[in-house]
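So you can see what is in the structure, the chains are spelled out below.
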Amino acid sequence: MLAVTAVAFLMFRYVGDPVRAMAREDSSVEERQELARALGLDQPVAVQYGKFVARVVALDFGISYRNHRPVAALIGERLPATLEIVFVATVLALAFGVPLGVLCALRPDGLAARAVQAVSLIGISTPTFVVGIALILVFAVTLKVLPSFGRGEVVTLGWWTTGFLTPSGIASLVLPSVTLCLFQMTLIMRLVRSEMIDVLSTDYIRFARARGLPRRYIHFKLALRNALMPVITVTGLQIGSLVAFAIVTETVFQWPGMGLLFIQAIYFVDIPVMAAYLLFVGFLFVFLNTVVDVLYALVDPRLRVRS
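The model shown is predicted, which means the values in this text are computed figures rather than measured ones. (Residues numbered from 1 in each chain as written. Predicted model: local features only at pLDDT ≥ 70, side-chain atom pairs only at ≥ 80, totals over all residues. Heavy atoms only, no water.)

With respect to the nonpolar core
What counts, and what does not: Here, nonpolar core refers to any group of buried Ala, Val, Leu, Ile, Met, Phe, Trp, Tyr and Cys residues whose side-chain atoms link them within 4.5 Å. Only protein chains enter the accessibility calculation, which uses a 1.4 Å probe; a residue whose area is less than 20% of its type maximum is buried, one above 50% is exposed, and one in between is partly exposed. Strands here are runs of E lasting at least two residues and helices are runs of H or I lasting at least four, both read from the DSSP assignment and numbered beginning at the N terminus. Residues count as neighbours in contact if any of their non-hydrogen atoms are within 4.5 Å of one another.
Counting residues in each nonpolar core, the largest one holds 59 residues, and the members touching the most others are Phe 52, Leu 180, Val 192, Met 196, Ile 205 and Phe 280. If you list the elements that add at least two residues to this core, you get α1 (2-14), α4 (45-57), α5 (71-106), α8 (167-200), α9 (203-210), α10 (215-244), α12 (258-267) and α13 (271-299). Sorting elements by how many residues they give to this core places α5 first, with 13 residues. Setting aside residues up to four positions removed in sequence, Phe 52 forms contacts with Thr 5, Ala 8, Phe 9, Phe 12 and Leu 279. Formed by seven residues, the second largest nonpolar core is a distinct cluster that contains Val 131, Ala 140, Leu 175 and Phe 253.

See the structure below:
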């Protein structure tokens, strides 16, 4: 995280001109110098970096050049929308990816397994924006059963806003969540299939079959549990990637999340928002890697520390 803060600080300090972005067009030289002093730009770089890290720890990411509002407040407004579609996309990817992967592993030569693998190639190869536009064309334009943009009606719970509690909010979640989950679902499905095939060929599975253990116990208690280790790793990293790269999906569906905020920040060279987004994504990957390490011990008893 210190390395990420250094990169974010370099972006904040040397990309663009904060004084020029925040000052009036007709401001005088004295006013610009006063603004530079107020922003601390007249101090040594080491001092500026130290103060930047202190502000980040206090969740103070500065003021948006474009919106003239605290960046933390902007992120707080947009974060629930992004986390909602990422949560739904992850649940859908696991709910469909794991069973389909098991199906393809247990019956690799079956007609259903071959059809699933063929469709998965299409799903993993098609760009996200093409999938999103195709879903809009079919379900919003042609069938007119789902909305094509926006978040729908939301309910405010303290500082959090959610669309899970309204019909229009749930309907608005469907298309962007499905678009976002397709790549992750096909990745998980193919990974589970590969790992299950490897595990089913190991000696302890042969020994379990020789002992006459039930097939359901062998497949889902012994084989699947061991095959899920790499799936946990990939899923954890993919959640971070979904948040980081939900930009395309949020742009296609005009979803008011952090990805759309980041695109607008790039367009207007809003450096504080860009730096805060970088810090958030970096923290998310560090946090998810820590969670994955903990889950390893829960799934595999061999990794638990014993006193």
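There's plenty left to go through after this.
So, the environment of Arg 55
Along the chain, the position of Arg 55 falls in helix α4. Considered as a pair, Arg 55 and Phe 149 are 94 residues apart in the sequence and their alpha carbons are 36 Å apart.

Structural notes on empty space enclosed by the protein
For clarity, the cut-off: A cavity, in this analysis, means grid points on a 1 Å lattice covering only the protein atoms where a 1.4 Å probe fits yet has no way out; a pocket is instead an open set bounded by protein on both sides within 12 Å along at least five of seven lines, and a residue lines either one if it has an atom within 4 Å of a point. Grid points are joined across faces, edges and corners, and a volume is the space filled by probe spheres set on the points. Side-chain classes follow a simple rule in which Ala, Val, Leu, Ile, Met, Phe, Trp, Tyr, Cys and Pro form the nonpolar group, Asp, Glu, Lys and Arg form the charged group, and the remainder, Gly included, forms the polar group.
By the definition in use, this model includes one cavity of 30 Å³ or more. As a volume, the largest cavity reaches approximately 40 Å³. If you go around the largest cavity, the residues you meet are Pro 147, Ser 148, Phe 149, Gly 150, Ser 172, Pro 176, Phe 253 and Trp 255. Grouping the amino acids of the lining of the largest cavity by side-chain chemistry returns five nonpolar, three polar and no charged.

So, the pattern of salt bridges
Rules: When a carboxyl oxygen of Asp or Glu is within 4 Å of a side-chain nitrogen of Lys or Arg, the pair counts as a salt bridge.
On inspection of all chains with the given rule, the structure shows three salt bridges. A salt bridge links Glu 84 to Arg 151; the nearest nitrogen and oxygen atoms lie 3.4 Å apart. With Glu 84 in helix α5 and Arg 151 in the loop between α7 (128-142) and β1 (155-157), this pair connects stretches of sequence that are 67 residues apart. The same class applies to Glu 84 as to Arg 151, namely buried.

Focus on a nonpolar patch on the surface
For the record, the criterion: Exposure above 30% relative accessible area and the lack of any salt bridge qualify a residue for a patch; like charges then connect within 9 Å, and the nonpolar side chains Val, Leu, Ile, Met, Phe, Trp and Tyr within 5 Å. Reported accessibility uses the Shrake-Rupley method at a 1.4 Å probe radius. Residues are deemed covered only where the shown protein chains occlude them.
A cluster of nonpolar residues, Met 1, Phe 283, Val 286, Phe 287, Val 291, Val 294, Leu 295 and Leu 298, forms a patch on the protein surface that exposes about 690 Å² of accessible area. One can find Phe 283 in helix α13.

Digging into the packing of aromatic side chains
The cut-off we apply is this: Any two rings among Phe, Tyr and Trp, with Trp reduced to its six-membered ring, count as a pair given centres within 6.5 Å; such a pair is stacked if its planes are under 30 degrees apart, edge-to-face if over 60, and tilted if neither.
For the structure on display, the rule yields five aromatic pairs. Ring geometry for Phe 262 against Tyr 277: centres 4.4 Å apart, planes inclined by 20°, an arrangement best described as stacked. Separated by 15 residues along the polypeptide, Phe 262 in helix α12 and Tyr 277 in helix α13 bring together distant segments of the chain. The two residues Phe 262 and Tyr 277 agree in class, both being buried. A centroid spacing of 6.3 Å and a plane angle of 20° characterise the contact between Phe 283 and Phe 287, whose relative ring orientation is stacked. Taken together, the residues Phe 283 and Phe 287, both in helix α13 and four residues apart, mark about one turn of the helix. Among the aromatic side chains, those forming a connected cluster through ring pairs are Phe 9, Tyr 49 and Phe 52.

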